[in-house]
Amino acid sequence: MSDNQAAREAYYAKAATLNVSALWTTRLVPPLPKDSVRAVPFLWDFDNVLRPTLFEAGGLITAHEANRRVLTLENPGLDGSHRILESLYAGLQMLLPGECAPAHKHSPSALRFIIEGQGGAWTAVSGEKSYMKPGDFVITPSDTWHDHGHDGDGPYFWMDGLDIPMIAAFGPMFFEHYAEDRAPLKRPAGDSLARYGANMRPVNETWSKPESPIFSYPYERSREVLEQLRKNEEWDPYAGLKLAYINPTTGGSAMPTISAFLQLIPKGFKTEFYQTTENTVFSPIEGTGRLIVGEGDAQKTIAWKPRDIFAVPCWIPYRLETDGDAVLFSYSDRVAQEKLGIWRERRGNS
Ligand SMILES: [Fe+2]
């Protein structure tokens, strides 16, 4: 202990009363992300944990409250702060036949990834309905009216991915209910995909919003692209075959703050250890396999199967291996990090 320790302590105590603090007593900017990232790699089992637990809520929460019938995935390292990773929110939502989630809008951007459903459930975004099927990727942009309904049979489950922690860091959190349960429809179902989803656009129409004009990316179409491209057998050793969902008017990410991907890893393939600053949430659609994550004694192997959800925090090395062919959906904060100039990756030991 230094001989003036008591004087220092008194100084720090006085500083606190003046709303200042001594930077030299902290490690505000540590040398590596592992010294500040508190989120841990973790998997939520859909069939055995998430699905039955959320189904149980079906008897507790009325249909009209269905927009809040969501189980938030809490990362064990983040102390119940409603985050799956440092910068991302994830929730699992259930909608039962005949239920509706009333129209509302909010400043955080949301994605929906459909995990289970037999048809008939829809999301209306900005006046356009999209019927949802498992594997579909749907966006509800910032400050855009949206509501959900279910005219079919059987429960629907989807993952909600939002940028809430990023928006919270800046502060401008807004939420508003629409005056009625349903926001008015302005266009027929499938309109935006017809306008912008075929490498064409209406000749005199321009689109200048930061998000994609396409609200729903059907799995059928995206899956077919993977099947077509696999014929090249050009596998990325770190990702297999991985495609990003884009805004067709810019070629950039479909959402301004969240990147979303669909990835095919062929039978028996083992990706090599990969390290990236982006925080990533995966949900396998087809196939089974394992996530090998971390270094040294802290390395873990986590088995995954379709419909599970697992999270890989910033800058933790990981690789994926599969049994048969596997297809995984994932979303991350990559596009936001790229805009801030902080995204990086490390392939192998380079
Ligand atoms: Fe919402």
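A few points on the structure. Think of each chain on its own: its residues are numbered from 1, step by step along the sequence as written. Given that the model is predicted, a residue must reach a pLDDT of at least 70 before its local features are reported, and side-chain atom pairs must reach 80 or more before they are shown or counted; all residues, however, enter totals for whole chains, interfaces and linings. By convention in this description, side-chain values take in all heavy atoms of the structure and omit both hydrogens and water.

### So, the overall build of the protein
Worth spelling out the cut-off: Strands are runs of DSSP state E lasting at least 2 residues, helices are runs of H or I lasting at least 4, and numbering of each runs from the N terminus. With C-alpha atoms as the basis for the radius of gyration, the globule rule is written as 2.2 Å multiplied by the number of residues raised to the power 0.38. By definition, residues are in contact when any of their heavy atoms lie within 4.5 Å. Here the Shrake-Rupley method, with its probe set to 1.4 Å, supplies the accessible areas, and only the displayed protein chains count as covering residues. When charges are counted, Lys and Arg are positive and Asp and Glu negative, with His and the chain ends excluded. Think of each charge as sitting on NZ of Lys, CZ of Arg, CG of Asp or CD of Glu.
Looking only at helices and strands, the protein features 6 helices and 22 strands. Relative to the compact-globule value of 20 Å for 350 residues, the protein shows a C-alpha radius of gyration of 22 Å, a close match. Considering only C-alpha atoms, the protein reaches an extent of 75 × 50 × 50 Å along its principal axes. Taking all contacts inside the protein whose residues are at least 6 apart in sequence as the whole, residues at least 24 apart take part in 75%. Approximately 17,100 Å² of the protein is accessible, and the part contributed by carbon and sulfur atoms is 55%. Charged side chains of the protein number 36 positive and 44 negative; the gap between the two group centres comes to 3 Å.

### Some words on the sheet that holds strand E14 (residues 259–265)
Here is the rule we go by: A pair of strands is labelled paired if DSSP reports no fewer than 2 bridges between them. A fitted line through C-alpha atoms represents every axis, and for helices the fit uses only the stretch in contact; the resulting angles, taken between N-to-C directions, go from 0 to 180 degrees.
Reading across from one edge, E1-E19-E16-E21-E14-E13 is the order of the 6 strands in this open sheet, with antiparallel pairing throughout. Where the open sheet ends on each side, the last strands, each with one partner, are strand E1 (42–44) and strand E13 (241–244). Strand-to-strand twist of the sheet, defined as the mean angle between neighbouring strand axes without regard to direction, takes the value 25°. Bridge count for E13 against E14 is 4 bridges, and the pairing is antiparallel. Across the sheet, the residue bridging to leucine 243 is leucine 262, located in E14.

### With respect to a nonpolar patch on the surface
Going by this rule: Residues with no salt bridge and a relative accessible area higher than 30% make up the patches, which join like charges within 9 Å and nonpolar side chains (Val, Leu, Ile, Met, Phe, Trp, Tyr) within 5 Å. A carboxyl oxygen of Asp or Glu within 4 Å of a side-chain nitrogen of Lys or Arg is what we treat as a salt bridge. Using a 1.4 Å probe on the protein chains alone, a residue whose accessible area is under 20% of its type maximum counts as buried, one over 50% counts as exposed, and one in between counts as partly exposed.
On the surface, Leu23, Leu28 and Val29 cluster together into a nonpolar patch covering about 370 Å² of accessible area. The exposure class of valine 29 is exposed, given its relative accessible area of 75%.

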